[in-house]
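Understanding the architecture of this molecule
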Amino acid sequence: MNTKTTYKITKEYIAISIIAVFLTFFFHEAAHFIMGKALGYDMWFSMNAVGLNEVQNYSKEWHGQLVAIAGPVVTILQAIVFFMIIKKTRKIKWYPFVFIAALMRLFAALISGFINPNDEARVSEWLGIGKMTLPIIVSLSLIYLVINISKSLNIKWKFNIATYVVMSLGITSVVFLNQYFIK
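Residues numbered from 1 in each chain as written. Predicted model: local features only at pLDDT ≥ 70, side-chain atom pairs only at ≥ 80, totals over all residues. Heavy atoms only, no water.

1. A few points about the overall build of the protein
Per the secondary structure count, the protein includes 6 helices and 2 strands. Going from N to C terminus, the protein has its helices and strands arranged as α-β-β-α-α-α-α-α. Here the C-alpha radius of gyration of the protein, 17 Å, is about what a compact globule of 183 residues would show, namely 16 Å. Overall, the C-alpha framework of the protein stretches about 60 × 40 × 30 Å when taken along its three principal axes. When burial is assessed residue by residue, the protein has 44% of its 183 residues classed as buried. (Helix = DSSP H or I, 4+ residues; strand = E, 2+ residues; numbered from the N terminus. Rg over C-alpha atoms; globule rule 2.2 N^0.38 Å. Buried < 20%, exposed > 50% of the residue type's maximum accessible area, 1.4 Å probe, protein only.)

Listed below in structure tokens is the structure:
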């Protein structure tokens, strides 16, 4: 364990964090879109949403579930790949790619619990295992990766809070840009 390193939020780290937010959202939504297209549907997508064009419905219910789970699967794979890269290289610059995956799926779980079920929650309901089962499993698994890397690299809680603030600003930017400029 590297106990002497103190990480700082630098301009480079902020830039990588913002890039991580935008790329994570893009690839998450692109996965939904690609799955829908692969199943033969006319789809639209933006930085924060994907859907069927016109007045289409999925011809088979499981098609909708595959489209729903495709985004989280890509986000989970991203977190695992960057987790392994960090374990091997011990470079903090890749940390935002794990952190944003956990934060994104945790926010999605909270929204699913209080407002409207999305992605994992819809699939979880469809599987008959309760609306929050998959969102909780996914969120806790990704949070575990963040905690594991934090301990491994000796990342302090203040650095994680600063990373959370940067990521939150990035998420706010994605939502704002999507709502007003990328329709």
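2. Let's talk about the nonpolar core
Grouped together as the largest cluster of nonpolar side chains are 32 residues, with contacts concentrated most on Ile 92, Tyr 95 and Ile 155. Elements represented by at least two residues in this core include exactly helix H1 (11-38), helix H2 (61-89), helix H3 (95-114), helix H5 (133-153) and helix H6 (157-180). With 9 residues, the single largest contributor to this core is H3. The residues contacting Ile 92, other than those within four sequence positions of it, are Tyr 7, Tyr 13, Leu 153, Ile 155 and Phe 159. (Core = buried A, V, L, I, M, F, W, Y, C linked by side-chain atoms within 4.5 Å. Contact = heavy atoms within 4.5 Å.)

3. So, unusual backbone geometry
One non-glycine residue, Glu 54, adopts positive backbone phi at about 60°. For Glu 54, the position within the fold is in the loop between strand E2 (50-52) and H2. Relative accessible area serves as the criterion here: at 73%, Glu 54 is assigned to the exposed category. Non-glycine residue Asp 119 carries a positive phi angle of around 35°.

4. A closer look at a nonpolar patch on the surface
Judged by side-chain polarity, Ile 19, Leu 23, Phe 26, Phe 27, Trp 44, Phe 45 and Val 74 come together as a nonpolar surface patch covering roughly 570 Å² of accessible area. Of all the elements in the fold, those that place two or more residues in the nonpolar patch are H1 and strand E1 (43-45). Per element, the largest residue contribution to the nonpolar patch is 4 residues, and it comes from H1. Inspection of the secondary structure puts Phe 26 in helix H1. (Patch = residues over 30% accessible without salt bridge, like charges linked within 9 Å, V, L, I, M, F, W, Y side chains within 5 Å. Areas by Shrake-Rupley, 256 points an atom, 1.4 Å probe, with all protein chains shown as cover. Salt bridge = Lys/Arg side-chain N within 4 Å of Asp/Glu carboxyl O.)

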